[in-house]
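These are the residues of each chain, in order.
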Amino acid sequence: GLFTWHNDNGRTGQNLNEVVLSPGDVSYTQFGKLFSYPVDGYVYAQPLYVENVTVAGGAHNVVYVATEHDSVFAFDADGLAAGPLWQASLLPAGATTVPNSDVNSSDIVPEIGITGTPVIDPVTGTLYVAAKSKENGAWVYRLHALDITSGAERPNSPVVIQASVPGGGVGGDGNGNVAFNARRQLQRPGLLLLNGVVYLAFGSHGDTAPYHGWLLGYDAPTLNQVAVFNATPNGTEGAFWEGGAAPAADGANRIYISSGNGTFDVDTGGSDYGDSFISLNFTGGSGLSVAGYFTPYNQAWMLQNDKDLGAGGLMALPDQPGPHPHLLIGGGKEGRLLMVDRDNMGGYNPAGDTQIVQSISSIARGIFSTPAYWQGNVYYLGSGGTLGVFQLNNGSLTQLAPAPPPTYGFPGATPSISANGSVNGIVWTLQTDQAKVSGPAVLHAYDATNVANELYNTNQAPNGRDVPGPAVKFTLPTVVNGKVYVGTQNQLNVYGLLP
């Protein structure tokens, strides 16, 4: 199965167990839209997949879809059932989803419910998901733990999400504490499950204060809160958005997350990490501690010009040969691709970013996505660009020839890779630049060994056969077991080899 955002905790986007789809078969004459399922709201979250689940009286491969209407659907992934195997509404009695007008932002319309991608624990068969609702005039977040066979709540589920840290930052209570503000915070990043702890990260709805970047950890079996981190406890902003990316983690159990514009004063002894890559360790009773960080030399300029570093997500690469075996890659609105040594992230150098492994300028107008990795190549697609490829050798990136147009508008796309180990690599992207006007999404497939060779896109087939429906920005496809799952504003579309 595929249990988490971008397929693994490193966020590499790889599915190396795809034995059905190959570049020779993916063309509009052999591959296309097989069927679709209607849903009740926008699908911002990536669909997740578990094979051979006993549900509804039989064994099914199941795809799980979460919507902004605070619903979670379980569908037969192979189209062997006419409707959902189960559907769970996460709205308490008398509650509604949150109208977008309540948060002074038109970014998510018309309602706000489930935005971040859930995470599944395949060992216990539990899906963890955060849902936002409006109840008696108040705004509430809850963390739910659902049985993947039925949608029923697990014991101790749900729990109301609350948090507080010592500090004098914006939104403080006047007594030296800063509390989590459920109205203003947006649970945009996907969830992370690491060593029995479920982590949820929060940004904001637009730039409406007061808000901070929050990372909260909950014990998976009990849903007791065990970790709280605030990126700017004595300042403001520092949101965690990452274009929907979940926090990354590596084999050393370190967590990596990127913050947006906000107060930065760590270099002068403060505790605020605006516009930074942050590495965190879970230390048990004391929660989360900062293990390292990197902040660009021009952080003050980025803050003044709304160039959030945390607009894009981070990828922790598999171990590499050379002097920097543990690498982290990401970027933000400035359009720079940054590669950092996870063991020595570099901190802050106002004279220039010479302390990090590599900085590549102007790869796009802005980066609102996360890279993917396969066979020594890093794939990236920023806003205003085409699919780019960088070859990685001994800790150094070399740019190869990019894919030809069409150019992707805002927000670009997060690539995903399907491959049978080291062969049959395909790069999948979802073009969503028509989301603002409810125009159609476009699914693309490229040969991973030569991205100049576009194998397929959903506009190629005649009579609109493969058009997936109205786009949702930041969404990405799920590719598994010979099929590709694409969420839109009103349905889940399923693609595969044609009969």
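The residue numbers shown here count from 1 along each chain, following its written sequence. Local features are withheld for residues below a pLDDT of 70 in this predicted model, meaning they are given only at 70 or higher, and side-chain atom pairs are given and counted only at 80 or more; totals for whole chains, interfaces and linings count all residues. To obtain the side-chain values, all non-hydrogen atoms of the structure were used and water was disregarded.

Enquirer: Teacher, can you tell me more about the layout of surface pockets here?
Expert: One water molecule sets the probe size; rolling that probe over the atoms shows where empty space is left. Its volume calculated, the largest pocket comes out at about 320 Å³. Per-class residue counts for the lining of the largest pocket are seven nonpolar, four polar and seven charged. We place a 1 Å grid over just the protein atoms. Points where a 1.4 Å probe fits but has no way out form a cavity, open points with protein on both sides within 12 Å along at least 5 of 7 lines form a pocket, and any residue with an atom within 4 Å of a point lines it. Grid points are joined across faces, edges and corners, and a volume is the space filled by probe spheres set on the points. In this structure, the second largest pocket spans a volume of roughly 250 Å³. Around the second largest pocket, the lining is made up of 16 residues, and of these Y44, D107, A435, K436 and K473 lie nearest the centre. When residue character is reported, Ala, Val, Leu, Ile, Met, Phe, Trp, Tyr, Cys and Pro are called nonpolar, Asp, Glu, Lys and Arg charged, and the others, Gly included, polar. Counted by class, the lining of the second largest pocket contains eight nonpolar, four polar and four charged residues.

Enquirer: Help me understand the pattern of salt bridges, please; the structure alone is not making it clear to me.
Expert: Charged atoms that come close allow side chains of opposite charge to pair. Salt bridge, as used here: a side-chain nitrogen of Lys or Arg that lies within 4 Å of a carboxyl oxygen of Asp or Glu. Under the defined criterion, the tally for this structure stands at 13 salt bridges. Taking the shortest distance from any N to any O, the salt bridge between D147 and R154 comes out at 3.4 Å. Classification of D147 as buried rests on a relative accessible area of 16%. Under the scheme applied here, a residue whose accessible area is under 20% of the maximum for its type counts as buried, over 50% as exposed, and between as partly exposed, the area being computed with a 1.4 Å probe on protein chains only. Here R154 falls in the partly exposed class, since its relative accessible area comes to 24%. Between R342 and D250 there is a salt bridge whose closest N-O contact spans 3.0 Å. Highlighted residues: R342 in the loop between β26 (337-341) and β27 (347-348) and D250 in the loop between β20 (248-249) and β21 (255-258), separated in sequence by 92 residues. Here R342 falls in the buried class, since its relative accessible area comes to 5%. Here D250 falls in the buried class, since its relative accessible area comes to 11%. The numbering of helices and of strands both runs from the N terminus, where a helix is a DSSP run of H or I of at least 4 residues and a strand a run of E of at least 2.

Enquirer: It is not clear to me how the packing of aromatic side chains should be interpreted in this structure. Could you clarify?
Expert: Between two aromatic rings, the relevant description is the distance of the centres plus the angle of the planes. Centres within 6.5 Å are what make two rings of Phe, Tyr or Trp a pair, Trp counting through its six-membered ring; a difference in plane orientation under 30 degrees is then read as stacked, over 60 as edge-to-face, and the rest as tilted. All told, the structure shown has 19 aromatic pairs when counted by the stated rule. With a centroid separation of 4.8 Å and 75° between ring planes, the pair formed by F180 and F202 is classed as edge-to-face. In this pair, F180 sits in the loop between β14 (177-179) and β15 (185-186) while F202 sits in strand β17 (residues 197-204), placing the two residues 22 residues apart along the sequence.

Enquirer: Teacher, can you tell me more about the side chain of K333 here?
Expert: Relative to the elements of secondary structure, K333 occurs in the loop between β25 (327-331) and β26. Any pair of N or O atoms that falls within 3.5 Å is considered a polar contact. Within protein, one atom must be able to donate a hydrogen and the other to accept it, and sequence-neighbouring residues count only if both atoms are side-chain atoms. A distance of 2.9 Å separates the side chain of K333 from the side chain of D308, its partner in a polar contact.

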